[in-house]
Amino acid sequence: MKKVLVLNGPNLNLLGTREPALYGSTSLADVEALCRAAGERLGYEVECFQSNWEGALIDKIHEYGRLFKQGLALGCVFNPSAFTHTSVALQDAIKGVDGLPVIECHISNVHAREAFRNHSYISPAAAGIVVGFGVPGYVIALEGLARKHDPDNPRLP
Ligand code: DQA
């Protein structure tokens, strides 16, 4: 069973209580449970990881780059949160592992918000982007990853 990484960046550990008008009232644990259930339906083992530290996110991308090369991972759904708008290092990490498909996912519509959120350093390295669907966007991103990178998966809806 291939692995899929659901990776969340800074402040997303506060999901559920953090600015609920923007990000909803679902906790990160519930988001992760939704992703694991979606993974199970599609026949993948979902690993969830959240960190407030850029380097920890980079290390996780490197780890999955290696798993991808070994044929053990399909890809990654990544909400880089504020690092989206600041991190050259995360773009370099995705490009650097060379191959790991990363679906960028944002709960809110970053293009309808402050100007500094309109630019993403991650998008040029992303295999796809899901923006503004709320928490269900994570499941949409997972299914999108499967559709694009495992199109013959008989479990696809
Ligand atoms: C976010 C959008 C980012 O601009 C913000 O910094 C976040 C969450 C989203 O999911 O909508 O922390 O990535």
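Residues numbered from 1 in each chain as written. Predicted model: local features only at pLDDT ≥ 70, side-chain atom pairs only at ≥ 80, totals over all residues. Heavy atoms only, no water.

A. Here's a closer look at the overall build of the chain. Secondary structure summary: the chain contains five helices and five strands in total. Each helix (α) and strand (β) of the chain, taken in turn from the N terminus, gives the series β-α-α-β-α-β-α-β-β-α. For a compact globule of 157 residues, the expected C-alpha radius of gyration is about 15 Å, and the chain comes in at 14 Å, within 12% of that figure. When its C-alpha atoms are laid out on the principal axes, the chain stretches across 40 × 30 × 25 Å. For the chain, buried positions account for 48% of its 157 residues. Counted over contacts in the chain with a minimum sequence separation of 6, partners at least 24 positions apart contribute 77%. Surface accessibility of the chain: about 7300 Å² in total, with carbon and sulfur atoms responsible for 54%. Counting 14 positive and 16 negative side-chain charges, the chain places the averaged centre of each group 2 Å from the other. (Helix = DSSP H or I, 4+ residues; strand = E, 2+ residues; numbered from the N terminus. Rg over C-alpha atoms; globule rule 2.2 N^0.38 Å. Buried < 20%, exposed > 50% of the residue type's maximum accessible area, 1.4 Å probe, protein only. Contact = heavy atoms within 4.5 Å. Areas by Shrake-Rupley, 256 points an atom, 1.4 Å probe, with all protein chains shown as cover. Lys, Arg positive; Asp, Glu negative; His and termini not counted. Charge placed at Lys NZ, Arg CZ, Asp CG, Glu CD.)

B. Looking closely at the packing of aromatic side chains. A full pass over the atoms with the stated rule returns zero aromatic pairs. In this structure, K60 packs its charged tip against the face of F49, placed 5.1 Å from the ring centre. (Phe/Tyr/Trp six-rings, centres within 6.5 Å; stacked < 30°, edge-to-face > 60°. Lys NZ or Arg CZ within 6 Å of the ring centre and 35° of its normal.)

C. The nonpolar core, seen in detail. Ranked by size, the top nonpolar core spans 27 residues in total, and within it V4, V6, L15, C35, V77, Y138 and L142 carry the most contacts. Sorting elements by how many residues they give to this core places helix α5 (residues 136–149) first, with six residues. Discounting residues that sit within four places of it in the chain, V6 has contacts with C35, V46, E47, C48, F49, V77, Y138 and L142. In this structure, L5, Y64, C76 and V97 belong to the second largest nonpolar core, which totals 19 residues. (Core = buried A, V, L, I, M, F, W, Y, C linked by side-chain atoms within 4.5 Å.)

D. Representation of the environment of N153. Of note, N153 is situated in the segment after α5. Exposure remark for N153: the relative accessible area of 9% places this residue in the buried category. Once the C-alpha coordinates of N153 and Y138 are considered, the two residues, 15 residues apart in sequence, prove to be 19 Å apart. Each residue touching N153, except ones within four places of it in the same chain, is listed here: L42 and Y44.

E. Structural detail: the pattern of salt bridges. Tallied over the entire structure, the rule returns five salt bridges. Note that E63 is salt-bridged to K60, the shortest N-O span being 3.1 Å. On the criterion of helical spacing, the pair formed by E63 and K60 is a turn pair, its members being three residues apart in helix α3 (residues 54–69). Taking relative accessible area as the criterion, K60 reaches 10% and is therefore assigned buried. The network of salt bridges with shared partners includes K3, E47, K60 and E63. (Salt bridge = Lys/Arg side-chain N within 4 Å of Asp/Glu carboxyl O.)

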